[in-house]
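Residues per chain are reported as follows:
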Amino acid sequence: MTTYGLLVFDEVEELDFAGPWEVFTTSAILRGGGDGALLLAERPDPVRCAKGLRVLPDRVLDDHPPLDVLLVPGGRGARVVQPRNPAVTGWVARAAGAAPWVAGVCTGAFLLHAAGVARGRRVATHRDYEDALERQGDVVVVRDARYVVDGDLVTSQGVSAGIDAALWLVGRLHGRDHARRVRRELQYEPAPPYLADEPL
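For the protein chain, an unreviewed UniProt entry supplies the name DJ-1/PfpI family protein and the organism Saccharothrix algeriensis.

Draft legend 1. Geometry of the overall build of the protein chain. Each helix and strand counted, the protein chain has seven helices and eleven strands in total. Scaling as 2.2 N^0.38, a compact globule of 200 residues should have a C-alpha radius of gyration of about 16 Å, and the protein chain matches this with 16 Å. Across its three principal axes, the protein chain shows a C-alpha extent of roughly 45 × 40 × 35 Å. When the accessible surface of the protein chain is split by element, carbon and sulfur atoms take 49% of a total near 9900 Å². In the protein chain, the 23 positive side-chain charges and the 27 negative ones have mean positions that sit 2 Å from each other.

Draft legend 2. Structural detail: the pairing of strand S1 (residues 3-7). With respect to burial, S1 is a largely interior element, five of its five residues being buried. Here S1 shows two buried faces, one formed by Thr3, Gly5 and Leu7 and the other by Tyr4 and Leu6. Note: S1 against strand S2 (residues 36-41), five bridges, orientation parallel. Directly across from Gly5, in S2, lies its bridge partner Leu38. Crossover S1 to S2 through helix H1 (residues 14-31) is right-handed. Looking at chain direction, S1 and strand S6 (residues 69-72) are connected through three bridges and run parallel.

Draft legend 3. Expanded view of the pairing of strand S11 (residues 153-156). Neither face of S11 is exposed, since Leu153 and Thr155 on one face and Val154 and Ser156 on the opposite face are all buried. In this structure, strand S7 (residues 101-105) lies alongside S11, joined through four bridges in parallel fashion. Bridging from a neighbouring strand, Val102 pairs with Leu153 of S11. Pairing analysis gives four bridges linking strand S10 (residues 147-150) to S11, with the strands arranged antiparallel.

Draft legend 4. Spatial organisation of the packing of H1 against helix H7 (residues 176-186). Where H1 contacts H7, the axes come no closer than 9 Å and their chain directions differ by 110°. One way to sum up the angle between H1 and H7 is to call them roughly perpendicular. Classified by chirality, the crossing of H7 by H1 is right-handed. Along the contact surface, H1 presents Glu22, Val23, Thr26, Ser27, Leu30 and Arg31, while H7 presents His178, Arg181, Val182, Glu185 and Leu186.

Draft legend 5. Expanded view of H1. Taking 1.5 Å as the rise per residue, H1 with 18 residues should run 26 Å; its terminal C-alpha atoms sit 26 Å apart, in good agreement. What H1 keeps buried is the set Glu14, Asp16, Phe17, Gly19, Pro20, Val23, Phe24, Thr26, Ser27 and Ala28. Gly32 sits one or two positions beyond H1 and adopts a positive phi of about 85°.

Draft legend 6. Main features of the sheet that holds S2. Spatially, S5-S2-S1-S6-S7-S11-S10 is the arrangement adopted by the seven strands of the open sheet, whose pairing is mixed. At either end of the open sheet lies a strand with only one pairing partner, and these are strand S5 (59-60) and S10. Strands in contact with helix H3 (residues 86-98) are S1, S2, S6 and S7; relative to S6, the strand with the most contacts, it is inclined by about 150°.

Rules used throughout
Residues numbered from 1 in each chain as written. Predicted model: local features only at pLDDT ≥ 70, side-chain atom pairs only at ≥ 80, totals over all residues. Heavy atoms only, no water. Helix = DSSP H or I, 4+ residues; strand = E, 2+ residues; numbered from the N terminus. Rg over C-alpha atoms; globule rule 2.2 N^0.38 Å. Areas by Shrake-Rupley, 256 points an atom, 1.4 Å probe, with all protein chains shown as cover. Lys, Arg positive; Asp, Glu negative; His and termini not counted. Charge placed at Lys NZ, Arg CZ, Asp CG, Glu CD. Buried < 20%, exposed > 50% of the residue type's maximum accessible area, 1.4 Å probe, protein only. Pairing = 2+ DSSP bridges. Right-handed = clockwise from strand over helix to strand, strands pointing away. Axes fitted to C-alpha atoms, helices over the stretch in contact; angles between N-to-C directions. Parallel < 35°, antiparallel > 145°, perpendicular 65-115°, else oblique. Left-handed = near helix turned anticlockwise from the far one by under 90°. Contact = heavy atoms within 4.5 Å. Expected span 1.5 Å × (residues − 1).

Quick look at the structure:
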């Protein structure tokens with residue numbers, strides 16, 4: 001049984017948690033029960049995300065089962081607001097200390113840094129915020145990888161890269177063949193239009 005806990009907060013970037021959520025819950029379905037994913041927040045009230053989506057947390061920070069994976073997404077809330085919130089940074093530090101795996105998506109690395117989890121580690125974050133994270137000190141920002149694994153910490157670049165990191169993590173937990181089944185079920189075969197090297 002694998003329990004995934006995904007932190008949400010006001011001004012969280014939607015796909016940062018919804019992409020991994022899709023990976024984790026699809027994995028749970030394919031494994032036939034027992035695994036589960038929870039949205040966790042400081043309060044039980046609806047959370048308003050960065051682009052206006054509202055979500056309702058499943059549990060609050062002081063009332064949830066033990067986590068096998070803690071996922072911290074990004075967004076303005078992760079960069080600016082939550083790093084100054086001792087209730088959240090303290091919980092992230094404690095939850096990360098108890099969970100076998102911690103994952104950060106996009107600028108979730110700022111919140112992980114504020115909680116002490118990313119200090120002294122190699123991490124990835126959104127390309128627009130790499131310099132700002134590096135200026136925080138005591139962190140090595142990797143700039144040329146969609147996701148970075150440093151021990152029990154997996155961090156990824158911006159937004160959609162969280163799906164890649166989540167697939168890698170599911171593969172680490174349950175095997176590469178299972179991760180491939182999850183990817184096929186999601187039809188995750190990125191082929192974006194309008195690439196920079198395409199003729200106009």
